[in-house]
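Observations on the three-dimensional arrangement
Each chain, written out:
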Amino acid sequence: MDTATHITMGVAVGGLATIDPAVQQDPQLFQAVLIGAIVGSHAPDFDTIFKIKDNATYIRHHRGASHSPIAVLLWSFLVSGAMFLFYPEVSYLHLWLWVLFSVFLHVFVDIFNAYGTQALKPFVNKWIAVGFINTFDPLIFILYIAGILAWLLGADPRYTFGIVFFVVFLYYIKRYMDKREIVKLMQDYFDDVENVITQPTIRHNIWRVAIVTKDKFYVARSENGHVEIKDQFDRKPLPDTTEMNAALQDKNVKAFINFSPVYRYEIDRFDDYTEIRFIDLRYRAKDRYPFVAVVTLDKFYNIITSYTGWVYSEDKLQKKLEPLT
């Protein structure tokens, strides 16, 4: 989820924590839990600091080890421990349990969008992305905001956020059923379907869909249950050539392939260099596919320059590559 939703969810957890008699009866513990829940609900995303280095590092590590089971425990101890320094008289066990819940909830809800997480790392080194909740879902955000406003106006936080979380839970079920309907439609329409990757948009009734069959990639848009095929591409395996093997050693390409579950490639050969482009098919927008990895090789297959990230025009992509040449 986005930062704003994670933070409002943390406030909601802090309010819900008043169902715990220890929290309800101790104002100091309540303050510690509320602040700890807000910080804990965002803590796994502190790994955005990797973006300072470069996109490849960010893409490879964001929502990676920081969202693993081991990290969830570490974040909970770090955040609750820091809070305990300021509130040494409170019950540490109750403080830690509520912070742990807020950190766990952050990782859990991230699983349901198209970006996903490596939530089972290091036990399973793969991205888990269920793909039926948008990274920013207006309805979920509004529900949390409504709960917070009701609390500020005097509503009992136990019942208020109990209701909010229950409605959010029902909404997740509804969105899961929406996804199942789209997947079934694609499986019935196409032969030899191997995978259907869904990406809900910020608009509740519109979804982006990528379909992988035995021989083709299809890119579709679903609106109000009507599916329109936007693009189709031949599904070609990566060639076992010197130039492709050289490209696959580049850190930007490695990060892209590690992250993307469905992509195609293009090879353009020029007089003095070869450009290999990898294109993620999940993020079609305005007739473009903005998430790419590009690597250029000289005639001896040495890497000249490379880039990975979101780029919405060819001019901007070339500008990002130029300073590296």
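Structure first, text after, so check above.
Summary of the structure given here. Predicted model only: the values in this text are computed from it and were never measured.

What to know about the sheet that holds strand β1 (residues 193–200)
The 4 strands lie next to each other as β1-β2-β3-β4, forming an open sheet whose pairing is antiparallel. Each of the sheet's edge strands pairs with one partner strand only, and the pair in question is β1 and β4 (226–234). For this sheet, the mean angle separating the axes of adjacent strands, direction not counted, is 20°. In this sheet, strand β2 (residues 206–213) lies alongside β1 in antiparallel orientation, the contact comprising 7 bridges. From the neighbouring strand, Gln 199 faces β2, where its bridge partner is Arg 208. Strands β1, β2, β3 (216–223) and β4 of the sheet are contacted by helix α8 (residues 157–189), whose axis makes an angle of about 140° with β1.

Details of the environment of Thr 201
Here Thr 201 is to be found in the loop between β1 and β2. As for Thr 201 and Ala 114, which are separated by 87 residues in sequence, their C-alpha atoms are 9.9 Å apart. Among the polar contacts made by the side chain of Thr 201, one reaches the main-chain carbonyl oxygen of Ile 206 at a distance of 2.8 Å.

Things to note about the sheet that holds strand β8 (residues 303–310)
Pairing is antiparallel across the open sheet formed by 4 strands, whose spatial order is β5-β6-β7-β8. With partners counted over all chains shown, the strands left at the sheet margins are β5 (263–269) and β8, one partner each. For this sheet the average axis-to-axis angle between neighbouring strands, irrespective of direction, equals 10°. Seen against the sheet, helix α10 (residues 251–259) touches β5, β6 (274–280), β7 (291–297) and β8 and runs at an angle of roughly 150° to β7.

Here we look at the nonpolar core
Counting residues in each nonpolar core, the largest one holds 55 residues, and the members touching the most others are Phe 165 and Tyr 172. Mapped by element, the contributors of at least two residues to this core are α1 (3–16), α3 (27–40), α5 (69–86), α6 (92–110), α7 (138–152), α8, β2 and β3. Setting aside its immediate chain neighbours within four residues, Phe 165 contacts Met 9, Ala 12, Val 13, Leu 16, Leu 105 and Tyr 144. Membership of the second largest hydrophobic core comes to 21 residues, among which are Tyr 58, Ala 246, Ala 255 and Ala 293.

Some details on unusual backbone geometry
A positive phi is found at Lys 286, a non-glycine position, where the angle reads about 55°. For Lys 286, the position within the fold is in the loop between β6 and β7. Given the relative accessible area of 83%, Lys 286 is considered exposed. The phi dihedral of Tyr 301 falls on the positive side, at around 70°, and the residue is not glycine. Mapped onto the fold, Tyr 301 is located in the loop between β7 and β8.

Re the pattern of salt bridges
Going through the model one piece at a time under the given rule, you end up with 15 salt bridges. With a shortest N-O distance of 3.4 Å, Arg 175 and Asp 178 are connected by a salt bridge. One end of the pair, Arg 175, and the other, Asp 178, are both in helix α8, 3 residues apart, so they sit about a helical turn from each other. Residue Arg 175 is classed as buried on the basis of its relative accessible area, which comes to 1%. Across the pair Arg 282 and Asp 280 runs a salt bridge, and its minimum N-O distance is 2.9 Å. Take Arg 282: its relative accessible area is 5%, and that puts it in the buried class.

Parameters at a glance
Residues numbered from 1 in each chain as written. Predicted model: local features only at pLDDT ≥ 70, side-chain atom pairs only at ≥ 80, totals over all residues. Heavy atoms only, no water. Pairing = 2+ DSSP bridges. Helix = DSSP H or I, 4+ residues; strand = E, 2+ residues; numbered from the N terminus. Axes fitted to C-alpha atoms, helices over the stretch in contact; angles between N-to-C directions. Contact = heavy atoms within 4.5 Å. Polar contact = N/O pair within 3.5 Å; in protein donor to acceptor, adjacent residues only side chain to side chain. Core = buried A, V, L, I, M, F, W, Y, C linked by side-chain atoms within 4.5 Å. Buried < 20%, exposed > 50% of the residue type's maximum accessible area, 1.4 Å probe, protein only. Salt bridge = Lys/Arg side-chain N within 4 Å of Asp/Glu carboxyl O.

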